[in-house]
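These are the residues of each chain, in order.
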Amino acid sequence: MTAVATREQIVAAADRLFYQHGYEHTSFADIAGAVGLSRGNFYYHFKSKDAILDAVIDARLADTRRMLEQWEAEAPTPAGRIMRYIEIVLTNRADIQDYGCPVGTLTTELAKLEHAMLGRAGRLFALFRAWLREQFVLLGQAGQADELAMHVLAFSQGAAVMLNAFRDEAFIQREVDRMRDWLSTYEK
């Protein structure tokens, strides 16, 4: 296996473990074990846990950009693209029930730790916010596009927390349906 492929495996394993167990509760040994590397070989690729976190955030940003590009290609209207974001709580409901929102849980944990990477992790939300704002501008809502984008972000985080806390899929479906109805009032 090449060094690049090994590094990618480490980042993917760290991403999964950070999501499932939290950044603080995931050790070098956990990540190395998940990839099947010795600690020495592991340190060749990453010298610190913060360096792994930085790579995980970069990977999540790249994955998010690809997902947003895919939504733009698949949904012909801004409202349709916004709906793809709203429906993410349904699409990822099994993981959200077990672990919460991957972006929300990471930023919350880093905030509690007063971790220096909080700002970098927050770029994930900033990317969604900017993309949602752009969609609302395209819907003719330029004057309130950022406010509407933040409303959709707040919905997704609230829905993720409630799904994680109560595991009530019917409630989440009703909330998504309410957001669908709300969004339809902005369609041209």
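Before any of the text, the structure's been laid out above.
This report concerns the structure included in the present document. (Residues numbered from 1 in each chain as written. Predicted model: local features only at pLDDT ≥ 70, side-chain atom pairs only at ≥ 80, totals over all residues. Heavy atoms only, no water.)

1. A short note on the nonpolar core
Rules: What makes a nonpolar core is a set of buried Ala, Val, Leu, Ile, Met, Phe, Trp, Tyr and Cys residues whose side-chain atoms join them at distances within 4.5 Å. Per-residue accessibility, obtained with a 1.4 Å probe over protein chains only, is compared with the maximum for each type, and a residue is labelled buried under 20%, exposed over 50%, and partly exposed between these values. Strands are runs of DSSP state E lasting at least two residues, helices are runs of H or I lasting at least four, and both sets are numbered from the N terminus onward. The contact rule is simple, with two residues in contact once any of their heavy atoms fall within 4.5 Å.
Core analysis: the largest hydrophobic core is formed by 60 residues, its most contacted members being Ile52, Ile86, Phe136, Val152 and Leu183. Residue contributions to this core peak at nine residues, all from helix H10 (residues 145-166). If we ignore the near neighbours within four places in the chain, the residues touching phenylalanine 136 are Ile82, Gln141, Ala142, Ala145, Leu148, Ala149, Val152, Trp182 and Leu183.

2. Comments concerning the packing of aromatic side chains
Defined as follows: Classification of ring pairs uses Phe, Tyr and Trp, with its six-membered ring standing for Trp, and accepts pairs whose centres are within 6.5 Å; under 30 degrees between planes counts as stacked, over 60 as edge-to-face, and the remaining range as tilted. We call a charge positioned over a ring when the NZ of a Lys or the CZ of an Arg lies within 6 Å of the ring centre and within 35 degrees of the ring normal.
Scanning the entire structure with this criterion turns up eleven aromatic pairs. A centroid spacing of 4.9 Å and a plane angle of 45° characterise the contact between phenylalanine 28 and tyrosine 43, whose relative ring orientation is tilted. Note that phenylalanine 28 is positioned in helix H2 (residues 28-35) and tyrosine 43 in helix H3 (residues 39-45), a separation of 15 residues in sequence. Joined through ring pairs, the aromatic side chains of Trp71, Tyr85, Phe128 and Trp131 make up one cluster. Positioned above the aromatic ring of tyrosine 23, the side-chain terminus of lysine 49 is 4.4 Å from the ring centre.

3. Topic: the packing of helix H8 (residues 102-112) against helix H9 (residues 118-138)
How we decide: Every angle, taken between N-to-C directions, lies between 0 and 180 degrees, and every axis is a line fitted to C-alpha atoms, over only the stretch in contact when it is a helix. Oblique is the label for any angle not under 35 degrees, not over 145, and not in the 65 to 115 range, which are roughly parallel, roughly antiparallel and roughly perpendicular in turn. Working rule for handedness: look at the near helix, and if it is turned counterclockwise from the far one by less than a right angle, call the crossing left-handed; if clockwise, right-handed.
Contact geometry of H8 with H9 gives a least axis separation of 9 Å together with a crossing angle of 150°. Regarding the angle of H8 to H9, the classification is roughly antiparallel. The two elements H8 and H9 meet at a crossing, and its hand is left-handed. Contacts between H8 and H9 involve Val103, Gly104, Leu106, Thr107, Leu110 and Ala111 from the first element and Leu118, Ala121, Gly122, Leu124, Phe125 and Phe128 from the second.

4. A word on the pattern of salt bridges
This is how it is decided: We define a salt bridge as a side-chain nitrogen of Lys or Arg found within 4 Å of a carboxyl oxygen belonging to Asp or Glu.
Enumeration over the complete set of coordinates arrives at twelve salt bridges. Taking the shortest distance from any N to any O, the salt bridge between aspartate 63 and arginine 66 comes out at 2.3 Å. Pair noted here: aspartate 63 and arginine 66 are both in helix H4 (residues 49-74), with a separation of three residues, about one helical turn. With a closest N to O distance of 3.3 Å, arginine 167 and aspartate 98 form a salt bridge. One end of the pair, arginine 167, is in the loop between H10 and helix H11 (169-184); the other, aspartate 98, is in helix H7 (residues 93-99), and 69 residues separate them in sequence. Residue aspartate 98 is classed as partly exposed on the basis of its relative accessible area, which comes to 45%. Connected via shared salt-bridge partners are Asp54, Asp58 and Arg120.

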